Structure formats: C-alpha cells, structure tokens
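# Overview (structure and organization)
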Amino acid sequence: MLSIIGLHQYYGESHTLWDVDAHVRKGSCSCLMGRNGVGKTTLLRCIMGLLPVKSGIIRLEDHDLTALKAERRASLGIGYVPQGREIFPLLTVEENLKIGLSARRDGLKSIPERVFEIFPVLKQMLHRRGGDLSGGQQQQLAIGRALAIDPTLLILDEPTEGIQPNIVHEIGDVILRLNRELGMTVLLVEQKLPFARRVADRFYALEKGRIMASGEISELNESVVQQYLSV
Ligand SMILES: Nc1ncnc2c1ncn2[C@@H]1O[C@H](COP(=O)(O)OP(=O)(O)OP(=O)(O)O)[C@@H](O)[C@H]1O
Ligand SMILES: [Mg+2]
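These notes cover the structure that comes with them. Worth saying up front: this structure is predicted, and the values here are computed from it rather than measured.

## Some details on the packing of helix H6 (residues 135-147) against helix H7 (residues 165-181)
Running from N to C, H6 and H7 cross one another at 15 degrees; their axes reach a closest spacing of 10 Å. Put simply, H6 runs roughly parallel to H7. Between H6 and H7 lies a crossing of right-handed hand. Mapping the contact onto sequence places Gly136, Gln139, Gln140, Ile143 and Leu147 in H6 and Ile167, Glu170, Ile171 and Leu178 in H7.

See below:
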C-alpha cells in the first residue's frame, strides 16, 4: 500500500534519514519504533509531504507521492495525526473537525457520523474550544480530524504520549477497531512496547535515521528491544 524506497532526508547540512526502505502492507498495522531523536517524526513528515526529501521514492498504491504537495497526498486518502496533536486551541471541536474535511475528494461538508460513533465524547463537546479539552480528549479530536476524510491509510505519531492510562487503552481499542474491523491500514509511531505489541502486526526499528530491524511484531524480541529501543 505504502512503499518507501531509498529515502534520504537532510535538515540543512544534517543528514537525518539514511536510505530508508519500508513497506506498509494493505490492511496491516505497522509500528515505527526507536529512541528519541532517531527520525521517526521526520519520516512521517516526509511521507505527508511536510518536509522535502533529498532522494528516494514514496508511493501509495499506484501513485508516486514524491513530487506531490501535502494537500494532494492527504486527498489521496492519508489521514495524519501529528505528534503533539496540533489542535487549534481557540477553535471549537466542530471547527477543528471541519478543517479535516478540506482534504476530502468528494467535497462533503459535514463531519461523517462515524467520527462521533467512534468518539462519542466529541459530539458532547462539539461547541467547546479545542484548548479547553483534556489531553486525552485532544488526542481523540486529532484522530477524529484525521478520520473526517475517511482515510484508507491512517498515520499516527505517538498517539499515547502524555495521555492517562485509561485513555491510552481506549485509543488502543480505536486503532484495533479501525484496523481489524474497518480494514484501515495503519502506520504508527509508538514508544510504549505493550501498546505496540497489542495493536501492531509489524514493526520497524529506526536508529540514527536508518531502519536497523523490521519484521512481524512477534519477532520483536528482547535483543532488538535492548539494541534499538530501551533507554
Ligand atoms: N526542523 C528541524 N531542523 C533541524 N533539525 C531537526 C528538525 N526537526 C528535527 N530535527 C532533528 O532531526 C533528528 C530527528 O528528529 P525527529 O523529530 O524526527 O525524531 P523522533 O524520532 O521523532 O524523536 P521523538 O521520539 O523525540 O519524537 C533529531 O536529531 C532532531 O533534533
Ligand atoms: Mg517524534
């Protein structure tokens, strides 16, 4: 579904991603892992077209995304939940969700009912300001905003970061449901091992901008964890 081939990225002179190859299979839930600062967010931003790449190819199904603008990539059906959520604090929940709609191909102007079915709390809080929501609610809003385009591929950057344990579990339930029941392909960055093991079926371990290990989540053994993931 999503293929990344030979990707190199620089911030100025600083070579951050090195020859990254990754293939996210249709219907899978893949987890990109690695310690702080190894380039996880950079890779997601390259996929979304929010950062330029030096060389390499990014492909979604038959589309070569590499030269496309970010808006166009989103409209091909990629939902993106950025690290830190990036909710507009002064806009209402409804307005935040409607911003997600702008990337829809079909021009639908109303928020799909499915968003509220998945996150009932957003319906109750429709007229509250984004900034007044708790961290967990903001994360639900960020995921809801990404779901507003009915993506076929959902990309989430550390959705459990700074969230209370009960909401972390709920977010896990949502990801499982989107992936297993609704057939959405998922690529997520996650540092919490139990969470990754619960929701993902494949992993990629990144270190200093290179993919050092990958495989089925059952192959994410203690030696991989020690080498690339533990702090
Ligand atoms: N805008 C930027 N300009 C220059 N360097 C940057 C920029 N953003 C990130 N970096 C650097 O690129 C490297 C990778 O950062 P990135 O945010 O992709 O890491 P990460 O794996 O997502 O980390 P974390 O787990 O903390 O979110 C880091 O060394 C970081 O300092
Ligand atoms: Mg990051």
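## Considerations on unusual backbone geometry
In this structure, Arg85 takes a positive phi of about 75 degrees despite not being glycine. Among the residues examined, Arg85 registers a relative accessible area of 15% and is labelled buried. With phi around 50 degrees, Glu86 is a residue other than glycine that occupies positive phi space. Among the structural elements, Glu86 can be located in the loop between strand E6 (78-81) and helix H3 (93-101). Look at Glu86 and you get partly exposed, because its relative accessible area is 48%.

## Here we look at the sheet that holds strand E2 (residues 14-24)
Ordered by their spatial adjacency, four strands build an open sheet running E2-E1-E4-E5, and the pairing between neighbours is antiparallel. Only two strands of the sheet have a single partner each, and these edge strands are E2 and strand E5 (63-64). Strand direction decides the pairing type here: strand E4 (residues 55-60) and E5, joined by two bridges, are antiparallel. Residue pairing for E5: Arg59 is matched across the bridge by Asp64. Its contacts with the sheet place helix H1 (residues 40-48) against strand E1 (2-11), E2 and E4, and it is angled at close to 115 degrees to E1.

## Structural notes on the packing of aromatic side chains
Describing an aromatic ring pair means giving the distance of the ring centres and the angle of the ring planes. With the rule as written, the count across this model stands at zero aromatic pairs. Here the basic side chain of Lys54 rests over the ring of Tyr10, its NZ or CZ set 5.3 Å away from the ring centre.

## Concerning the coordination of the magnesium ion (ligand 2)
Around a metal, the idealised angle for a tetrahedral arrangement of four donor atoms is 109.5 degrees; for an octahedral arrangement of six donor atoms it is 90 or 180 degrees. Within the protein, the atoms that donate to the magnesium ion (ligand 2) are Thr41 (OG1) and Gln83 (OE1), at distances of 2.0 to 2.2 Å. A residue pair is termed long-range when its members are at least 10 positions apart, and Thr41 in helix H1 and Gln83 in the loop between E6 and H3 qualify at 42 residues. Looking at Gln83, the relative accessible area reads 28%, which means it is partly exposed.

## Remarks on the sheet that holds strand E7 (residues 153-157)
Strands in a sheet are paired, the pairing made by backbone hydrogen bonds, and the direction either parallel or antiparallel. If you trace the six strands from one edge of the open sheet to the other, you get E6-E7-E8-E3-E9-E10, paired in mixed fashion. With one partner strand each, in any of the chains shown, E6 and strand E10 (210-216) form the two edges of the open sheet. For this sheet, the mean angle separating the axes of adjacent strands, direction not counted, is 15 degrees. Sheet topology places strand E9 (residues 202-207) next to E10; six bridges connect them, and they run antiparallel. The residue bridging Ala205 from the neighbouring strand is Ala213, located in E10.

Calculation criteria
Residues numbered from 1 in each chain as written. Chains lettered and ligands numbered in written order. Predicted model: local features only at pLDDT ≥ 70, side-chain atom pairs only at ≥ 80, totals over all residues. Heavy atoms only, no water. Axes fitted to C-alpha atoms, helices over the stretch in contact; angles between N-to-C directions. Helix = DSSP H or I, 4+ residues; strand = E, 2+ residues; numbered from the N terminus. Parallel < 35°, antiparallel > 145°, perpendicular 65-115°, else oblique. Left-handed = near helix turned anticlockwise from the far one by under 90°. Contact = heavy atoms within 4.5 Å. Buried < 20%, exposed > 50% of the residue type's maximum accessible area, 1.4 Å probe, protein only. Pairing = 2+ DSSP bridges. Phe/Tyr/Trp six-rings, centres within 6.5 Å; stacked < 30°, edge-to-face > 60°. Lys NZ or Arg CZ within 6 Å of the ring centre and 35° of its normal. Donors = N, O, S within 2.8 Å, 3.2 Å for Na, K, Ca; no water.

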